[in-house]
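Below, each chain spelled out in residue letters.
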Amino acid sequence: SLVQKIIDAKELIETKSKLKPKIAIVLGSGLGLFVDCVENKTIIPYQDIPHFHSTTVEGHAGRLILGSIEDYPVIILQGRIHAYEGYEMEEVVFPIRVLASLGIDGLILTNAAGGINTQYNPGDLVCIGDHINLMGKNPLIGPNISEFGPRFPDMTHAYNLKYQSDLLEAAQSLSVKMSTGVYAGLLGPTYETPAEVRMLRVLGADMVGMSTVPETIAANHLGIKVCGISCITNMAAGIIDVRLRHEDIKEEALKVMDRFTSLLKLFIKKQKN
Ligand code: HPA
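A brief report on the enclosed structure follows. (Residues numbered from 1 in each chain as written. Predicted model: local features only at pLDDT ≥ 70, side-chain atom pairs only at ≥ 80, totals over all residues. Heavy atoms only, no water.)

Observations concerning a nonpolar patch on the surface
- Taken together, the side chains of Leu134, Met199 and Leu203 define a hydrophobic patch exposed on the protein surface, amounting to about 250 Å² of accessible area.
- As for its placement among the helices and strands, Met199 is situated in helix α5 (residues 194-203).
- On the basis of relative accessibility, which here comes to 42%, the residue Met199 falls in the partly exposed class. (Patch = residues over 30% accessible without salt bridge, like charges linked within 9 Å, V, L, I, M, F, W, Y side chains within 5 Å. Areas by Shrake-Rupley, 256 points an atom, 1.4 Å probe, with all protein chains shown as cover. Salt bridge = Lys/Arg side-chain N within 4 Å of Asp/Glu carboxyl O. Helix = DSSP H or I, 4+ residues; strand = E, 2+ residues; numbered from the N terminus. Buried < 20%, exposed > 50% of the residue type's maximum accessible area, 1.4 Å probe, protein only.)

Shown next as structure tokens:
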């Protein structure tokens, strides 16, 4: 059963490290180098964890890392799996449920996203204030597993308000420009057409990507607080006349690494109190 699979994965992780992580971080495309700032690392490749799938996407390493940042115990997913790779939604959120079983109470979800809001520029970091699920799927479809959470989870504050204010405060004290935006989650793997980008703008989206939404839903179901950070790696299709390429998107994400790392470290420091 799914519950047993989660226990299998949890037990393997617990044999590799005695750390009791309080917060988890999922690193999106091109953001994997953040793990360089983690101290006393235990690294577990996804292949070594029962029922964990390897990511097929370039720029996603596929390793679980336990360690500490600012003396705070963290667990990091360096690379995620996406629905467009052909995985079921239940598989996409499996790692989130394993993290929850380890006792975390917060989850930081990061991603690379295309900017829809024309105030944004490539390189901007945006605090996710809310999302629009346009994947046509939901990880909670199927019989509800009541050990995880309720049948009809509330999504009013899907992105925790305290986390949002901590993140904006951290950005401000580092003089990092940061605003709050709405993330539209699409299935992919194609980037959007210009007409789709105009549609998304009318719908109220500020940025677009192909991840995060399923994980936010699963975490809310589990009662875990979510903090979301989008790295705007490119303006979404049709806003400026350039073609979108995954290589350029990874490269742009790399350029923000210093700012991204200081911001996340300060955010984590704030969680100690
Ligand atoms: N669209 C969807 N996903 C993305 C984009 C984009 O423009 N950039 C990075 N991830």
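Structural notes on the nonpolar core
- Counting residues in each nonpolar core, the largest one holds 42 residues, and the members touching the most others are Ile13, Ile49, Leu64, Ile75, Leu99 and Leu107.
- Sequence-distant contacts of Leu64, defined by excluding residues within four places in its chain, comprise Ile13, Thr42, Ile43, Ile44, Tyr46, Ile49, Ile75, Ile76, Leu77 and Leu99.
- Core analysis: the second largest hydrophobic core is formed by 33 residues, Ile23, Val74, Ala170 and Cys227 among them. (Core = buried A, V, L, I, M, F, W, Y, C linked by side-chain atoms within 4.5 Å. Contact = heavy atoms within 4.5 Å.)

A short note on the site of the ligand
- Taken together, Ala112, Ala113, Gly114, Tyr191, Glu192, Val208, Gly209, Met210, Thr233, Asn234, Leu244 and Ile249 make up the full set of residues adjacent to the ligand.
- For the ligand, a nitrogen atom lies 3.3 Å from a polar atom in the backbone of Ala112.
- Side-chain polar atom of Glu192 to a nitrogen atom of the ligand: 2.7 Å apart, as the coordinates give it.
- Protein contacts shield 95% of the accessible area of the ligand, which totals 260 Å² for the unbound molecule.
- Mapped by element, the contributors of at least two residues to the shell around the ligand are β5 (106-115), β8 (207-209) and β9 (225-235). (Near = heavy atom within 4 Å. Polar contact = N/O pair within 3.5 Å; in protein donor to acceptor, adjacent residues only side chain to side chain.)

A closer look at the state of the cysteines
- On inspection of all chains with the given rule, the structure shows zero disulfides.
- With no disulfide partner, Cys37 has as its closest neighbouring cysteine sulfur the one in Cys227, 15 Å distant.
- Free cysteine: Cys227, not disulfide-bonded; nearest cysteine sulfur from Cys127 at 6.1 Å.
- A relative accessible area of 2% means that Cys227 is categorised as buried. (Disulfide = S-S within 2.5 Å.)

Quick notes on the pairing of strand β1 (residues 23-27)
- Most of β1 sits inside the fold, with five of its five residues counted as buried.
- Covered by surrounding structure in β1 are Ile23, Ile25 and Leu27 together with Ala24 and Val26, the residues of both alternating faces.
- Note: β1 against strand β4 (residues 72-78), five bridges, orientation parallel. Looking at the pairing, Leu27 lines up with Gln78 of β4.
- Bridging between β1 and β5 involves four bridges; their strand directions are parallel. Counted as the bridge partner of Ala24 is Leu107 from β5. (Pairing = 2+ DSSP bridges.)

With respect to helix α3 (residues 94-101)
- Taken across its eight residues, α3 has seven buried, putting it largely inside the fold.
- Among all positions in α3, only Phe94, Pro95, Ile96, Arg97, Val98, Leu99 and Ala100 are buried.
- One or two residues past the end of α3 sits Gly103, with phi positive at roughly 95 degrees.

Some remarks on the pattern of salt bridges
- In the structure shown here, the tally under the stated rule is eight salt bridges.
- When the shortest N-O distance is used, the salt bridge between Lys177 and Asp124 registers 2.9 Å. Of this pair, Lys177 sits in the loop between α4 (161-173) and β7 (178-186) while Asp124 sits in the loop between β5 and β6 (125-134), and the two are 53 residues apart along the sequence.
- Here Asp124 falls in the buried class, since its relative accessible area comes to 10%.
- Between Lys162 and Asp166 there is a salt bridge, and its shortest N-O distance comes to 3.1 Å. Of this pair, Lys162 and Asp166 both sit in helix α4, four residues apart, which is roughly one turn of the helix.

Description of the pairing of β5
- Counting buried residues in β5 gives ten out of ten residues, a clear majority hidden from the surface.
- For β5 and β9, the ladder comprises ten bridges, and the chain directions are parallel. Bridged to Ala112 within β9 is Cys231.
- One ladder, built from two bridges, connects β5 with β8; its direction is antiparallel. Following the sheet pairing, Gly115 is matched in β8 by Met207.

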